[in-house]
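Chain by chain, the residues run as shown.
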Amino acid sequence: MKFKHLFLALVLLMAGLIAISCVSSSGDDGDGDGTNPPNFVGDACGGCPAEQYIGSTGIIFFSYVKNNGGDGTVSMTIGSGSNTTTQQFNVSAGTKYSFQASVPVEVSASTSFTYLAQFPGTPGFTDSHAISGYHVTGAPSGMQFTAR
């Protein structure tokens, strides 16, 4: 009879330890976000373009980053002049990315604008490009987040 009680106690103890292990390794600190969210840093890309001019009607901007955080979904908001665009992307831990966005422009010798891409993280990474001789004619578009 004592053997049955001891066996039952051991089974309950093991079940309790397994349940605690599953909870503590879930990667969630209880508030719905992961304990290792995506975190981007700048990543040099020798010979890669920073901008590509599309005639006199647009500029494609490129940013090169690395996610040194965890897997997740990030919301990218970029701006040019007073216009902004937001889009979500799924990203993987430890991956290098090329980010690009197109900005519609018009030649204007007396104006300039600044393109700005803010990448999530602590402290995160901001890539900006000051452009002279053009002004923005609309919101950024064509955002792509491509693993490289």
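Before any of the text, the structure's been laid out above.
What you see as residue numbers is a count from 1 along each chain, following the sequence as written. Local features in a predicted model are, by the rule used here, given only for residues with pLDDT of at least 70; side-chain atom pairs are given and counted only at 80 or more, and totals for whole chains, interfaces and linings are based on all residues. No hydrogens and no water enter the side-chain calculation; it runs on all heavy atoms of the structure.

(A) Main features of the overall build of the protein chain. Strands here mean DSSP runs of E at least two residues long; helices mean DSSP runs of H or I at least four residues long; both are numbered from the N terminus. Scanning the protein chain from terminus to terminus reveals 1 helix and 8 strands. Secondary structure elements in the protein chain, listed N-terminal to C-terminal, are α-β-β-β-β-β-β-β-β. Each residue gets one of three labels from its accessible area relative to the maximum for its type: buried under 20%, exposed over 50%, partly exposed in between, using a 1.4 Å probe on protein chains only. Here the protein chain holds 148 residues, and the buried ones make up 32% of them. Partitioning the contacts of the protein chain with sequence separation of at least 6, the portion at a separation of at least 24 is 68%. Summing over all exposed atoms, the protein chain offers an accessible surface of approximately 8800 Å²; the carbon and sulfur share of this is 58%. Any two residues whose heavy atoms approach within 4.5 Å are treated as being in contact. Each accessible area value is a Shrake-Rupley result obtained with a 1.4 Å probe; residue values ignore everything except the protein chains displayed when judging cover.

(B) Representation of the state of the cysteines in the model. Disulfide: a pair of cysteine sulfur atoms within 2.5 Å of each other. Throughout the structure, instances matching the rule amount to 1 disulfide. One disulfide bridge connects C45 with C48, the sulfur atoms lying 1.8 Å from each other.

(C) Examining unusual backbone geometry more closely. Along the chain, T122 connects to P123 via a cis peptide bond; the corresponding omega equals 5°. Within the secondary structure layout, P123 lies in the loop between β6 (96-119) and β7 (125-136).

(D) Up close: the nonpolar core. Among the nonpolar cores identified, the biggest contains 23 residues, and F40, I78, F99, F113, Y115, F119 and F145 are the most heavily contacted of them. If you list the elements that add at least two residues to this core, you get β3 (58-67), β4 (72-80), β5 (83-91), β6, β7 and β8 (141-147). Residues in contact with F99, not counting those within four places in the same chain, are F61, F62, S63, M76, I78, F89, Y115, A117, F119, M143, Q144 and F145. To form a nonpolar core, buried Ala, Val, Leu, Ile, Met, Phe, Trp, Tyr and Cys residues must be joined to one another through side-chain atoms within 4.5 Å.

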